[in-house]
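Okay, here's what each chain looks like letter by letter:
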Amino acid sequence: MLFFRSEDDLGAWCRDRGVKPGPAVPVPQLWRLSRGWYGNRLDPEAPRRTPGEARAIFAGVGLTGSFWDPVPRQEATP
Amino acid sequence: MPLETQTRTAILEFFAETGIAPTPATVAERLGVDVPSVQRTWVRLREGRAIVTGEDGVSIRMANPFSGVPTDHTFESAGVHYYANCAWDALGIPAALGRGGTVRSHCANSEEPLRLKVTENGPEPSDWLFHSLVPAVRWWDDIVFT
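Residues numbered from 1 in each chain as written. Chains lettered and ligands numbered in written order. Predicted model: local features only at pLDDT ≥ 70, side-chain atom pairs only at ≥ 80, totals over all residues.

A. Summary view of the interface of chain B and chain A. With 35 residues of chain B at the interface, the matching set in chain A holds 34 residues. Elements supplying a minimum of two residues to the side of chain B that touches chain A: α1 (3–18), α4 (87–97), β6 (101–106), β8 (122–123) and β9 (129–131) of chain B. Here the side of chain B that touches chain A takes six residues from α4(B), the largest share from any one element. Here the residues of the side of chain B that touches chain A are counted per class, giving 21 nonpolar, 12 polar and two charged. (Contact = placed C-beta atoms within 7 Å. Helix = DSSP H or I, 4+ residues; strand = E, 2+ residues; numbered from the N terminus. Nonpolar A, V, L, I, M, F, W, Y, C, P; charged D, E, K, R; others polar.)

Spelled out as structure tokens, the structure:
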């Protein structure tokens, strides 16, 4: 999980490695994700996150689709 | 509160206070319990992915968002220097701490340094991008690579 200063840099980095780029996430969106994911990390009462809750955090900041799904749909518990 | 929860919390609090990973002995002393009890809990935390240990099975490599080993992604706040596991965790640390500071990293392609000021309300305006090569479902296949 890395930073890039631009889409061009991300594209060049992926081309050099022969890999397909994943989604590029702008810094403001990454901050919202970080708040949702880690905002209660130091709270001893914070419950262990379920895959569904993780999926909801991603979706809540606009990160949707199979790339951001922590559990394949067919394996997800209801 | 179960010892596992106490231990997990003590590990994260130690990271938050010092920027470095605690040992089982440090946590045992902090909790007022014996070291073997904490060592047994260490194993359960590792199995539950609350921590990732080094090859010795004891030293903490990761307690997300904190890294127990030096990395290229850091956060500095209130005189404490933190290592993050990745670009995401570099913002995850201020989110967890709820306080501002400075994130430092670099562009993986150009090596241009990134210096990003962060307040408790978020980072200063930036058009940099975060990228994960690995989809979420495979992050824990090799969490160190991820």
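From this point, the narrative continues.
B. Layout of the packing of α1(B) against helix α3 (residues 35–47) of chain B. All names here are of chain B. Relative to each other, α1 and α3 sit at 85°, their axes nearing to 9 Å. It follows from the interaxial angle that α1 and α3 lie roughly perpendicular. Contacts between α1 and α3 involve Leu-3, Glu-4, Thr-7 and Arg-8 from the former and Ser-37, Val-38, Thr-41, Arg-44 and Leu-45 from the latter. Across the contact of α1 with α3, the residue classes tally to three nonpolar, three polar and three charged. (Axes fitted to C-alpha atoms, helices over the stretch in contact; angles between N-to-C directions. Parallel < 35°, antiparallel > 145°, perpendicular 65-115°, else oblique.)

C. Molecular detail of the environment of B:Val118. All names here are of chain B. Checked against the element boundaries, Val-118 lands in strand β7 (residues 113–119). Assessed through the 24 C-beta atoms surrounding it within 10 Å, Val-118 is described here as buried. C-alpha separation for the pair Val-118 and Leu-45, spaced 73 residues apart in sequence, amounts to 30 Å. Ignoring anything within four residues of it in the chain, the contact list for Val-118 reads Pro-94, Gly-100, Gly-101, Val-103 and Pro-123. (Buried ≥ 20, exposed ≤ 12 C-beta atoms within 10 Å, placed from the backbone.)

D. Structural detail: α3(B). All names here are of chain B. Taking 1.5 Å of rise per residue, the 13 residues of α3 would be expected to cover 18 Å, and the 19 Å separating its terminal C-alpha atoms lies within 8% of that figure. Within α3, the full set of buried residues consists of Val-38, Thr-41, Trp-42 and Leu-45. Burial along α3 is one-sided: seen end-on, the buried residues are contained in an arc of 120°. Among the exposed residues of α3, those pointing more than 90 degrees away from its buried face are Pro-36 and Glu-47. Residues of α3 that are buried sit in contact with α1 and α2 (24–31). Of the residues flanking the end of α3, it is Arg-49, one or two places downstream, whose phi is positive at about 65°. (Expected span 1.5 Å × (residues − 1). Arc of directions from axis to C-beta.)

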